[in-house]
Every structure is written in C-alpha cells, then in structure tokens.
Amino acid sequence: ELGPYSHFMQKEIHEQPRAVADTIEGVIDAGEFSAELFGPDAAEVLEGIEGVLILACGTSYYAGMTARYWIEGIAGLPCSVEIASEYRYRDAVANPKTLVVTLSQSGETLDTMEALKYAKSLGQERTLSICNVPESAIPRASRLVYYTRAGAEIGVASTKAFTTQLVALFTLTATLAKLQGRLDEAGEADYIDALRRLPGSVQHALNLEPQITAWSEHFAPKEHALFLGRGVHYPIALEGALKLKEISYIHAEAYPAGELKHGPLALVTDEMPVVVIAPNDSLLEKVKSNMQEVRARGGQLFVFTDADSNFHPSEGVHVIRAARHVGVLSPIIHTIPVQLLAYHVALVRGTDVDKPRNLAKSVTVE
Ligand code: F6R
C-alpha cells in the first residue's frame, strides 16, 4: 500500500498534485466558476449573501483563515473565521444572509458539527460543507456541499486534505466574486488557468524535498521553533508550526511577522530556529525587515521564498526557493515545504509519524 514511501504521511504529501487536480476537475471541465459546483440549488443560497462565516478546528481552521484573505480581497465580502468550539459556546450575533461554511476533512468532528447546529439555531440556514468524506455527518446536515477529492487520508496529521480544502475555498471565492459582479471574463479565465497549472506547481514544490531533508538536521536537536509569515501566508506559518509540533513534538509557535517586536522577539536566540514564509509578494520588504530583527538577536533563519525574489543566503540565513511565484494561489504552494520539513524532522527524531501520541484522526468527542 505504501509503494515507495516509508509512511502514509509521506505518501499523502506526494499525492497532492493528483489530489489537487481531482478536486478542481469539475471547475476545469466546466471552464468557469458557477454556483452549480456547490449543488443544484446553490445559486439561490449563494446569491444575495452579505458575508461569510467559516467554522472549523485545527488544520481546517487554518484553511479558513487563509480563505478570509481571499474572500475579502477578491469577492469583497466580509468574512469571519472562528474556531468551532468557541463559536458554539458564545452569544453570537447572527445574520440570516450570512453563508456559514464548515470545513471538516472527516465530516465527523463533533465541535464543528455542534457549531453548525448552533449557527442554524440562530436562523442561519445558508450552509455549505467543504468535506473530504462523502455522506459524513456534517455534509448531511448542510444545504450545500463541496467534496474535496483528496482520497482517504490515513496519516493523523492532515496534509492533502488541507491543500484540497484551500483549492475548494479558492473555487468558492472566485464563484462568490463572480456572483458579486467582481470577476470579469478575463479575470475568470486567469483564475481557471492558474488552477489548471496548480498541480504542476505543487509537483515543483515537492521536488524541493532533498533540500528540506538537509535542513531537518538543524531542527531535530532543538526544543523550540518559530514560524513567521504575513498576510495570506500567516496561516501557512500556523500550519507549519502545527505540523511540526504534532509529529516531531518540538514546541513550535507561529506569529504574523509584524508581531515579532510586540513580544516573541524576546524568545529569539541561536537555539530558536526561525522559519519564514517569504514569497515574492507585496509584503516581502516588510518580511525582510522582520528577518533582520531576528538576525540581530543571533536567530538562525530558514526562509522559504520563490525564484523571483532577490533573496540570498548569508551567514545564519538559509534559503530554499520554490519555482516562480504563483500569485493568489501561493499559500497552497508554500504549504508543501512546511509539511516536508515537519515530516523529515520527525524522521530524524524517530517519532511515530503516522500516529502521533495523544491524537486521533477523527475527533468525535468534546
Ligand atoms: C492536524 C489535524 C487536525 C484536524 C482537526 C479537524 O493535522 O488534522 O487539526 O484538522 O482535528 O479535523 P476535521 O478537518 O476532520 O474536522
């Protein structure tokens, strides 16, 4: 079953070009973003919405955080993202014209299911489930469904389910943008084209594995690590930190790079490796000055950037470059190296990669 791979997690990381391609197949075949991708009566649910509320846990929550940047930036709709176990127990202000999106790979996460029930009890009936398991509890309780087609995920740490959630969320964003009159034909064609090229770009990122393996020796002896990102890549820093802590048991934290000076800089020493997600986007210069703050305190930097950036390795600054910057879909590409880093660090530390201690694949308890 594992083929050439040592663990399910490694296999599932490498399945991502296929998983992504399968998840966008419907859009590519249609050649357009249309409400029908979300179900036969989706137009009626999606039209006239005034905002989006995303509810999820763990890795799925980080996919939701990424989507907020897209939904507000591209579709122009207010979007909030909330941890399901928090939302369900607070007195939330509900708007029946809000689209409530639950993200759950398994479709069985109790906290997310209860948050959905609570959202409905507040009169929010426009519900969409993005899920990887057909006919599981959460899609059954939702009006609209979009299935990611990652295939069965066996490793407890989610990998291909996360990137396919991002692809589904981008498809949702573009569909909402179109319904809001914010996506013209040329823009739509550009996004379809970007999606069509995505599996190839994911494969390029996977080809960085030997370089990332070389980095793992730096991390394995450490007990702490910091992950930094800005904008749409901040949730990817969070995802990288979660993967590392889950499977290698190294304590890892993620911060928006601009927050460093407001506290976490106090932690930085040469014993604290700092991973930076620094693609060549409009925030790169800002990220660079945040990196100088780290270097000035002796921190070792491990930077994931892309080929176009004018970034060079130097004393204490290690650099791995992905291929060309892929625009709005960049967070999907930058997820790959942080998954591979966690995997290879865990291998060096000899932990049980596919079954990390204390964790379950599907969390059906509170
Ligand atoms: C981490 C991980 C978990 C899940 C979370 C929600 O790698 O897999 O954080 O993302 O338990 O699970 P789902 O998406 O099934 O609701």
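Procedures and definitions
Residues numbered from 1 in each chain as written. Predicted model: local features only at pLDDT ≥ 70, side-chain atom pairs only at ≥ 80, totals over all residues. Heavy atoms only, no water. UniProt positions renumbered as here; feature names shortened; annotations may be inferred. 1 Å grid on protein atoms, 1.4 Å probe; cavity = no way out; pocket = protein on both sides within 12 Å on 5 of 7 lines; lining within 4 Å. Points joined across faces, edges and corners; volume = space filled by probe spheres on them. Helix = DSSP H or I, 4+ residues; strand = E, 2+ residues; numbered from the N terminus. Nonpolar A, V, L, I, M, F, W, Y, C, P; charged D, E, K, R; others polar. Buried < 20%, exposed > 50% of the residue type's maximum accessible area, 1.4 Å probe, protein only. Pairing = 2+ DSSP bridges. Salt bridge = Lys/Arg side-chain N within 4 Å of Asp/Glu carboxyl O.

Under an unreviewed UniProt entry, the name given to the protein chain is Glutamine--fructose-6-phosphate aminotransferase [isomerizing], and the source organism is Novilysobacter ciconiae. The Subunit (unreviewed entry) field of the UniProt record for the protein chain holds the comment "Homodimer." What UniProt records for the protein chain under Catalytic activity (unreviewed entry) is the sentence "D-fructose 6-phosphate + L-glutamine = D-glucosamine 6-phosphate + L-glutamate".

A separate point is the layout of surface pockets. Approximately 570 Å³ is the volume attributed to the largest pocket. As for the largest pocket, its lining consists of 24 residues, and the residues nearest its centre are Cys57, Gly58, Thr59, Ala360 and Val363. Secondary structure elements with two or more residues in the lining of the largest pocket: helix 5 (58–75), strand 3 (98–104), helix 7 (110–121), helix 9 (160–179) and helix 12 (234–248). When residues in the lining of the largest pocket are grouped by element, the largest group, four residues, is from helix 12. For the lining of the largest pocket, the class distribution of residues is nine nonpolar, 10 polar and five charged. In this model, the second largest pocket occupies a volume close to 200 Å³. Lining the second largest pocket are 15 residues, with Leu53, Ser80, Val93, Thr98 and Gln124 sitting closest to its centre.

The next subject is the pairing of strand 9 (residues 301–306). Judged by how many residues are buried, strand 9 sits mostly within the fold: six of six residues are covered. In strand 9, alternate side chains face the same way, and those of Leu301, Val303 and Thr305 on one face and Phe302, Phe304 and Asp306 on the other are all buried. With four bridges connecting them, strand 8 (residues 274–277) and strand 9 associate as parallel partners. Of the residues in strand 9, the one forming a bridge with Val276 is Val303.

Next up on the list: the pattern of salt bridges. A complete count under the given rule lists 20 salt bridges for this structure. Arg143 is paired through a salt bridge with Glu44; the nearest N and O atoms lie 3.2 Å apart. Here Glu44 lies in helix 4 (residues 42–46) and Arg143 lies in the loop between helix 8 (137–140) and strand 5 (144–147), a separation of 99 residues in the sequence. For Arg143, a relative accessible area of 39% corresponds to the partly exposed category. Through salt bridges with shared partners, a single network forms among Lys11, Glu15 and Lys160.

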